[in-house]
Amino acid sequence: MSELRFDGVAVRFGTGGRALTAVDGVDLTIPSGQVVGLVGESGSGKSTLARAAVGLTEPSSGQILLDGVPLRYRAGERRPLQMVFQDPYSSLDPRMTVGDSIAEAVPRSAHLLGVGRRRGAGREDAGREGIGRQVVDRRREVGRLLELVGLDAERALAYPGALSGGQRQRVAIARALAGQPDVLIADEITSALDVSIQGTVLNLVRSLQRELRLSMLFISHNLAVVRYVSDIIAVMYLGRIVEVGPAQQLLNDPQHPYTKELLAAAPRRGTTSLQPPDPTVADAEPADPHHPPVGCRFHPRCPIGPLVRTDREHCLTIDPTAEADRRLHRTACHHAAGAPQTAMAPHTRRTFP
Amino acid sequence: MTTTVRVPGTTASFTSHPWVRFAVRRLARLVGSVLILISAAFLMIHLIPGDPVRSALGPAATKSLIDARRESLGLDDPLWQQYLHFLQHLFTGDLGTSITTGLPVSDVIRDRLPATVQLAVAAFLVAVLIALPVGLAMGVLTRAGRRPRTELSFTSTTVILAAIPEFLLAVGLVYFFAVKLHWLPVAGRGNMSSYVLPVISLAVGPAAVLARICRVELLAVLQTDYLRTARAKRLPAAAIYLRHALPNAVTATITLGGLLLGGMVAGTVLVENVFGWPGLGSTIVSSILAKDYPLVQGVVLVYGVGVLLVNLVVDVTLALLDPRSTIRES
Amino acid sequence: MRARWIAVLRTPVGAGAGVLLFAVLLLALLAPLLWSHQASAIDTEHLLEGSSAKHWLGTDNLGRDIFYRVLVASRTSILLALVATLIAVVMGLALGCAPVLLGRRAGRLTTAVVNIAVAFPGLLLALFFAVVFGVGAKGAVLAIGFAGAPSFARLTQTLVAGVAERDFVAAARIAGVGRFRMLLRHILPNIAEPLVVNATIGAGGALLAFAGLSFLGLGVQPPVYDWGRLMGESLNGIYVHPAAALAPGVAVVIAGLAFNLFGEAVAKGFGVPAMIGPRLRERSAETMPAATDDDEAVLVVKDLYVSFPGPITPVRGISFTIGKGEIVGVVGESGSGKSLTALAVAQLIEPPGQVRAAELSFLGAPLLGRLAVRSTAAARRRLLGTSFAMVFQDPMTSFNPTKRIGTQLAEGAREHQGLNRRQAMARAIDRLRAVRVPAAGRRARQYPHEFSGGMRQRAMIGMGLMGAPALIVADEPTTALDVTVQRQVLRLLETIRTEDDVAILLISHDITVVAQVCDRVLVMYAGRIVEDLPASELATGARHPYTRALLAAVPDLDTPLEEPLAVIAGRPVDPAAMPSGCAFAARCEFAEDRCRSEDPSLVSHGPDHQVACWNPQGTAAWQARYLGSESIRTGQL
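Residues numbered from 1 in each chain as written. Chains lettered and ligands numbered in written order. Predicted model: local features only at pLDDT ≥ 70, side-chain atom pairs only at ≥ 80, totals over all residues. Heavy atoms only, no water.

Chemist: Hey, could you run me through the overall build of chain C in this one?
Modeler: Counting its secondary structure elements, chain C contains 23 helices and 13 strands. The 637 residues of chain C split such that 54% are buried. Partitioning the contacts of chain C with sequence separation of at least 6, the portion at a separation of at least 24 is 66%. A total accessible area of about 26800 Å² is found for chain C, and carbon and sulfur atoms account for 59% of it. (Helix = DSSP H or I, 4+ residues; strand = E, 2+ residues; numbered from the N terminus. Buried < 20%, exposed > 50% of the residue type's maximum accessible area, 1.4 Å probe, protein only. Contact = heavy atoms within 4.5 Å. Areas by Shrake-Rupley, 256 points an atom, 1.4 Å probe, with all protein chains shown as cover.)

Encoded structure:
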């Protein structure tokens, strides 16, 4: 397994007045064999980040590095990153059997080796035999993968239409594993499922991760779900990572007011609190990603920000991301712990190589 | 309460106003289409295998005559020069000279265009005035699988009507109403009664298609969440249909109606030939058969521009009716 | 796949069209072999004759039999049309798939060209190409093929784009599938059906277009003849000899119809699932005029059923009462019947759905049955229009996109409260302010697409507050919203309740949402209420195994990280095959023989607590039995 690193990654869509910076200078590391949970609301750019990682979207700047080597994607090549999608009803080809879908993701090179080795004697026969072997190998591999995700190997012949949502999601996971990924990316994989099924998929992801020592980026809008599977939690807001730290530490001692808000909104056993943090910003609208606020991007909603406390004018003008590295959990907030009070002077945005 | 919510249109500059953007984009597309049309019309003559002048003048023509014609048409110049000349002449309203008659093409078109436009516009109005009420009424009557028999007969009738090509319907109509019953004239363009058969033959097919589309669109609108909201407001049925269902169904219908109108412009070609209607349709066919290429070129241009204008009108109407459409364009 | 084709052929239209198409194709194949001699035999003694025993449709100007000529012309007509269609389809496919194969930039260019070309009517394009390719059969085939290509290209593009944005294509790309393989394995198979259908309809169109060109003299040239040319030649003689002009016309229409109808039938069979099964003729149940004993009750529901043709009954006899100012939550998984309950209560179930109940009354006024019929519909509408508010799940689609938000709010007030336009708009702005929409005056003039999801949901709630609501039925009002916005909306609902004493029926799949705001919770499973308990008891005092499993299955911030999450084994019940016993028995670890044979009814377990279970957990009897055993089954892989 390997380490995945996002280095100043930005993704922009469109041009001119309609331009949208979905991901804006994200630095994030997924250490080998660990799960990084990424939380944030819709439009925060978390799915775009995932799509950039697997090469479905081109980053407009920055780099994505696997074990220190920048990722390069070309059509038709095996990708070292695999992804599981949100909607299991759309992520499996309805015209292909489950087994074919999984087999397609099994790297071809592994089997072509078998053909090549035999090419010396009697080309025709060896080739045919090699292909035959390849088919057998592939079928065996598909069966193994299906069993790995808790489905019968015979399910390989079924079409997705015959499976339930939870079963489809298992197949999608098997397909992602078939690609022998160095890093697995799971994008909201439980949000389309009923609660009673959600648990089985989460349990599967956790046990697979532990068994296979997978490096994983686990994306969800649900903090409780992220908490359950992650070693590290990163919080994303309007295209930026606003706080990142070891899961327990971040949950016990959140620094960014947005993280605190997410924590307050997440369910806890037996609590019925709907109390707003502060009436001034309680009903604030989520910011428009086309026109992100200047200064701290969270300030229009911040319960400890300039709209509530008049002495915090600097939040309106100074972007807290610049000094994030010097704060606890790399928090993008001027008022997080470890923030030196001298850091109020304007700083230019950090540049990346 | 202080908010930093951005108001669309207030902080944005003039050029990012949706209407301005829409107009710019739409005009750019129109100009692009017209340029392609002009180039296609120009290239048409050059794509024809063999010498167009020889094939137009026939095998009996002498070499000197052909050379003279080629000279006068500028066919011996390099292609790009010919194209520039063509454009130049086009902008001065000069479409060249008809090979067979020697008359300026623009005169022929000016002479014949009104008859065709009258026919197309009349047929369009008739089609819309029949199709919209019928389609909407059918939608209301057959909503949520009600009256399956009515639905079946409506669907089969419209399928059959839409499958009858306009020239065939024209022949049939001529036979019954002119030849058999002597109610209406067989051909030609004269008083009001001479319009009846051509207009009907042109309007029936599109009307059938439009009525079906209209019904389907209405049914789709009746399934929407916002119609359920309207019902939850406990509005009377008439208000639900007239205020919420109808405008949205018609908006969707217009999009396809525009294509039909374009098709109708082309349909005049066949109908005019059946009725001997002195319009551009009969001109283009006779000029194709006579290999009178400058004339063909001119008429093709006029038809093409006509279709493009119809599409423009439809898009602008849609933008006016549907507040999302200027946004949706992008 | 094959089953669907067979199903298409079983419908009357499908069967008729199929037979007709087969007959037409057979004729095209056989007619020239059988009758070409009769068709070309010149009979100078019978020139231009009318119909007779010898010549059914008469003869032409060379005395040739028109009937046979029409039959024999079928091959030329149909063959040329099919070739033209083939050209159109192949070119259209190539152009339409170009964006997939050539990458974004080249793809965008072809798309632009196709978009321009498709704006021109086919006939015009055909005329243009007829000039370029020259007059004659070959020219006409090419012309009609080329003219049909843009619309096929457009169709292909639309279909390809629809498939390409689905996740399985992205997944295949990540798996390293190349462009060609992507097209062949993933995209084309998923668009094949609509393409085949449209090609069939297109063949009908090509047939007509060909007839048109030949009719104008631009198609096939003598001595070859097709239907169009037969018509064109006899048009001048229509006075004396109408049959000669009409017969080939009829042939064209029949052949064209065969293609069109068959295509339509297939399209319908594949696209829209046909409504099968008998409609429920059953009327609403006779209602007992049961007087409501509770004056405080806003909504009384007794024995409510919702059924659909099939017949399936997704809501099976549920009863509950909502008191003034009470927030009652309904939870359950998808398919439990919770949303249908909300719609049934709101009288928004559309036919063919049927609602019946022993009692369904709102503020003491019956909404269903014989009593309801007696009160006038108008009065009932006014009552519901002013006092009964609905909030729907998807704020994106629940507003009319073409009307301003303010107008949509004002509409109901003008209808039911007799306000004029200005008063109603003032009220709408006031209500938007009440649901804390910032800059309400300006927002009222905006269209729904200019609102964010959360703001739209507020406006929807504001719409409910236009009158003086006694009850708000909110169907998954926060499901489509982000967690933080979700809290804002829930808080708003709670404030409205405390300030105006409005009762709320909150439907949600999320038991934590319901636990946060509700006074009382109804847990639904397979169309029944299985437990009815105070929200405060939910975390500790739930008795039904399903409720407890549901609570355990949702991870929260206190879920122990060391253990696997609790799961509910098995699948929800199929409403078409309801078991005879307890519907949950198959997934319940406490199920016994009795559970599988007898359906438990709701029984009181304490003052505000009802459970439908033979083995309610946490009771003295249960403890005696299961003490020490694990109460919640944990799922293992």
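Chemist: What exactly am I supposed to notice about the packing of helix H5 (residues 165-178) of chain A against helix H6 (residues 195-212) of chain A here?
Modeler: When two helices pack together, their arrangement is given by the angle between the helix axes and the distance between those axes. Residue and element names in this part refer to chain A. As a packed pair, H5 and H6 sit with axes 9 Å apart at the nearest point and diverge in direction by 20 degrees. Taken together, the axes of H5 and H6 lie roughly parallel to each other. Regarding H5 and H6, the two cross each other, and that crossing is right-handed. Between H5 and H6, the residues in contact are Gly 166, Gln 169, Arg 170, Ile 173 and Leu 177 and Ile 197, Thr 200, Val 201, Leu 204, Val 205, Leu 208 and Leu 212, respectively. Here the contact of H5 with H6 is built from residues that sort into eight nonpolar, three polar and one charged. (Axes fitted to C-alpha atoms, helices over the stretch in contact; angles between N-to-C directions. Parallel < 35°, antiparallel > 145°, perpendicular 65-115°, else oblique. Left-handed = near helix turned anticlockwise from the far one by under 90°. Nonpolar A, V, L, I, M, F, W, Y, C, P; charged D, E, K, R; others polar.)

Chemist: Any chance you could explain the pattern of salt bridges here in plain terms?
Modeler: Where charged atoms from two side chains of opposite charge approach closely, those side chains can pair. Residues and elements named next belong to chain A. Summed over the entire model, instances satisfying the criterion amount to 32 salt bridges over all chains. For the salt bridge of Glu 41 with Arg 301, the shortest nitrogen-to-oxygen distance reads 3.0 Å. Here Glu 41, found in the loop between strand E3 (35-39) and helix H1 (46-53), pairs with Arg 301, found in the loop between helix H10 (279-282) and helix H11 (314-317); they are 260 residues apart in sequence, far enough to count as distant. For Arg 301, a relative accessible area of 4% puts it in the buried group. The residue Glu 141 makes a salt bridge to Arg 144 at a minimum N-O spacing of 3.2 Å. Separated by three residues within a single helix, Glu 141 and Arg 144 lie in helix H4 (residues 123-148), roughly one turn from each other. Bridged by salt links that share partners, the residues Asp 24, Arg 240, Arg 297 and Asp 319 form one connected network. (Salt bridge = Lys/Arg side-chain N within 4 Å of Asp/Glu carboxyl O.)

Chemist: I keep staring at the domain arrangement of chain C and nothing clicks. Help me out?
Modeler: Quite often, the size of an interface is put as the accessible area lost when its parts meet. As far as domains go, chain C holds domain 1 (2-270), domain 2 (280-506) and domain 3 (519-557 + 564-637). On a C-alpha basis, the centroid separation for the pair domain 1 of chain C and domain 2 of chain C is 53 Å. (Domains from an automatic or database assignment.)

Chemist: What is the right way to look at the interface of chain C and chain A in this model?
Modeler: Chain C puts 65 residues into the contact, and the matching count from chain A is 75 residues. Taking both partners together, chain C and chain A bury about 6100 Å²; carbon and sulfur atoms supply 52% of that area. In terms of surface lost to chain A, no three residues of chain C exceed Ile 174, Arg 487 and Leu 557 of chain C, which account for 14% of the buried area on that side. Joining chain C to chain A, the criterion identifies three salt bridges. The shortest N-O distance in the salt bridge between Arg 181 of chain C and Glu 104 of chain A comes to 3.3 Å. Where chain C touches chain A, the interface holds 20 residue pairs in polar contact (both at pLDDT 80 or more). (Buried area = accessible area lost by both parts, 1.4 Å probe. Polar contact = N/O pair within 3.5 Å; in protein donor to acceptor, adjacent residues only side chain to side chain.)

Chemist: Just checking my understanding: could you explain the side chain of Ser 220 of chain A for this structure?
Modeler: All names here are of chain A. With respect to the element layout, Ser 220 can be found in strand E8 (residues 215-220). A distance of 2.9 Å separates a polar side-chain atom of Ser 220 from the backbone nitrogen of Asn 222. Each residue touching Ser 220, except ones within four places of it in the same chain, is listed here: Leu 38, Val 39, Gly 40, Lys 46, Glu 188, Val 225 and Val 226.

Chemist: Explain the nonpolar core to me, please; I cannot follow it from the model alone.
Modeler: Nonpolar side chains tend to gather and get buried jointly when the protein is soluble and globular. Residues and elements named next belong to chain C. Counting 132 residues, the largest nonpolar core has Phe 215 and Trp 227 as its most contacted members. The leading source of residues in this core is helix H10 (residues 242-271), at 14 residues. Judged by nonpolar contacts, the second largest core, of 104 residues, contains Val 355, Ala 413, Val 485 and Ala 515. (Core = buried A, V, L, I, M, F, W, Y, C linked by side-chain atoms within 4.5 Å.)

Chemist: I tried to follow empty space enclosed by the protein on my own but got confused; where do I start?
Modeler: Rolled over the atoms, a probe as big as a water molecule pinpoints where empty space is left. The final tally for this structure, using the stated rule, is nine cavities of 30 Å³ or more. For the largest cavity, the calculated volume is near 200 Å³. Contributing to the lining of the largest cavity are 18 residues, with Ala 232 and Lys 233 of chain B together with Gly 385, Met 463 and Gly 464 of chain C lying nearest its centre. Secondary structure elements with two or more residues in the lining of the largest cavity: helix H9 (225-232) of chain B together with helix H13 (377-387), strand E7 (388-391), helix H14 (405-416) and helix H17 (453-464) of chain C. A breakdown of the residues in the lining of the largest cavity according to their chemical character gives 10 nonpolar, seven polar and one charged. (1 Å grid on protein atoms, 1.4 Å probe; cavity = no way out; pocket = protein on both sides within 12 Å on 5 of 7 lines; lining within 4 Å. Points joined across faces, edges and corners; volume = space filled by probe spheres on them.)

Chemist: I tried to follow the sheet that holds strand E5 (residues 69-70) of chain A on my own but got confused; where do I start?
Modeler: Strand-to-strand pairing in sheets goes through backbone hydrogen bonds, with the strands running parallel or antiparallel. All names here are of chain A. Here four strands make up an open sheet; going across it, the order is E2-E1-E4-E5 and the pairing antiparallel. The sheet is open, and its two borders are formed by strand E2 (20-30) and E5, each paired with just one other strand. Sheet topology note: the strand E4 (residues 61-66)/E5 ladder contains two bridges and is antiparallel. Of the residues in E5, the one forming a bridge with Leu 66 is Val 69. The strands touched by H1 are strand E1 (4-13), E2 and E4; relative to E1, the strand with the most contacts, the crossing angle is about 115 degrees. (Pairing = 2+ DSSP bridges.)

Chemist: Where do I start with a positive patch on the surface in this structure?
Modeler: On the surface, a cluster of positive charge is made up of Arg 51 of chain A together with Arg 104, Arg 105, Arg 108, Arg 173 and Arg 179 of chain C. In terms of residue count, helix H4 (residues 104-118) of chain C provides more of the positive patch than any other element does, three residues in total. (Patch = residues over 30% accessible without salt bridge, like charges linked within 9 Å, V, L, I, M, F, W, Y side chains within 5 Å. Lys, Arg positive; Asp, Glu negative; His and termini not counted. Charge placed at Lys NZ, Arg CZ, Asp CG, Glu CD.)

Chemist: Help me understand the pairing of strand E9 (residues 503-508) of chain C in this model?
Modeler: Put simply, side chains in a regular strand alternate between the two faces of the sheet. Residue and element names in this part refer to chain C. The element E9 is extensively covered by neighbouring structure, given that six of its six residues are classed as buried. On E9, burial covers both faces: Ala 503, Leu 505 and Ile 507 on one face and Ile 504, Leu 506 and Ser 508 on the other are all buried. For strand E3 (residues 327-331) and E9, the ladder comprises five bridges, and the chain directions are parallel. The residue bridging Val 328 from the neighbouring strand is Leu 505, located in E9. Here strand E8 (residues 471-475) runs beside E9; their pairing, made up of five bridges, is parallel. Within E9, the position partnered with Ala 474 by the bridge is Leu 506.

Chemist: What exactly am I supposed to notice about the sheet that holds E9 of chain C here?
Modeler: All names here are of chain C. As summarised here, the arrangement of the eight strands in space is E7-E8-E9-E3-E10-E11-E13-E12, forming an open sheet in which the pairing is mixed. Sheet topology places E7 and strand E12 (603-604) at the edges, where each strand pairs with a single neighbour. The sheet strands contacting helix H18 (residues 483-500) are E3, E8 and E9, and the helix crosses E9 at an angle near 155 degrees.

Chemist: Help me understand the pairing of E4 of chain A, please; the structure alone is not making it clear to me.
Modeler: Pairing of E1 of chain A with E4 of chain A involves five bridges; the strand directions are antiparallel. Bridged to Ala 10 of chain A within E4 of chain A is Ser 61 of chain A.

Chemist: Looking at this structure, I do not really get the state of the cysteines. What am I missing?
Modeler: Each disulfide is one covalent bond, formed between the sulfur atoms of two cysteines. Across all of its chains, the model carries zero disulfides over all chains by this definition. Lacking any disulfide linkage, Cys 296 of chain A is separated from the closest cysteine sulfur, that of Cys 315 of chain A, by 5.8 Å. (Disulfide = S-S within 2.5 Å.)

Chemist: Help me understand a negative patch on the surface, please; the structure alone is not making it clear to me.
Modeler: Residues Glu 296, Glu 499, Asp 500 and Asp 501 of chain C make up a contiguous surface patch of negative charge. Tracing the backbone through its elements, the reader meets Asp 501 of chain C in the loop between H18 and E9.

Chemist: Looking at this structure, how should I read the confidence of the model for chain B?
Modeler: Any segment with low pLDDT has predicted coordinates that should not be analysed in fine detail. All names here are of chain B. In this model, chain B carries an average pLDDT of 80, and 91% of its residues clear a pLDDT of 70 or more. Mean pLDDT values over the elements of chain B span from 52, in helix H13 (residues 325-328), up to 89, in helix H5 (residues 105-141). Counted against residues more than four places away or in other chains, residues 1-12, with its pLDDT under 50, gives 12 contacts. (pLDDT = per-residue confidence, 0-100.)

Chemist: In this structure, what is going on with the environment of Ala 413 of chain C? I would like to understand it.
Modeler: Residue and element names in this part refer to chain C. Locating Ala 413 in the fold gives a position in helix H14. Each C-alpha atom of the pair Ala 413 and Leu 195 lies 49 Å from the other, and the pair is 218 residues apart in sequence. What Ala 413 contacts, discounting residues up to four positions off in sequence, is Gly 418, Leu 419, Ala 424 and Met 466.

Chemist: It is not clear to me how the environment of Val 435 of chain C should be interpreted in this structure. Could you clarify?
Modeler: Residue and element names in this part refer to chain C. As for its position among the elements, Val 435 is in the loop between helix H15 (421-434) and helix H16 (440-443). What makes Val 435 buried here is its relative accessible area of 1%. Apart from the residues within four sequence positions on either side, Val 435 is in contact with Arg 458, Ile 461, Gly 462, Leu 465 and Leu 492.

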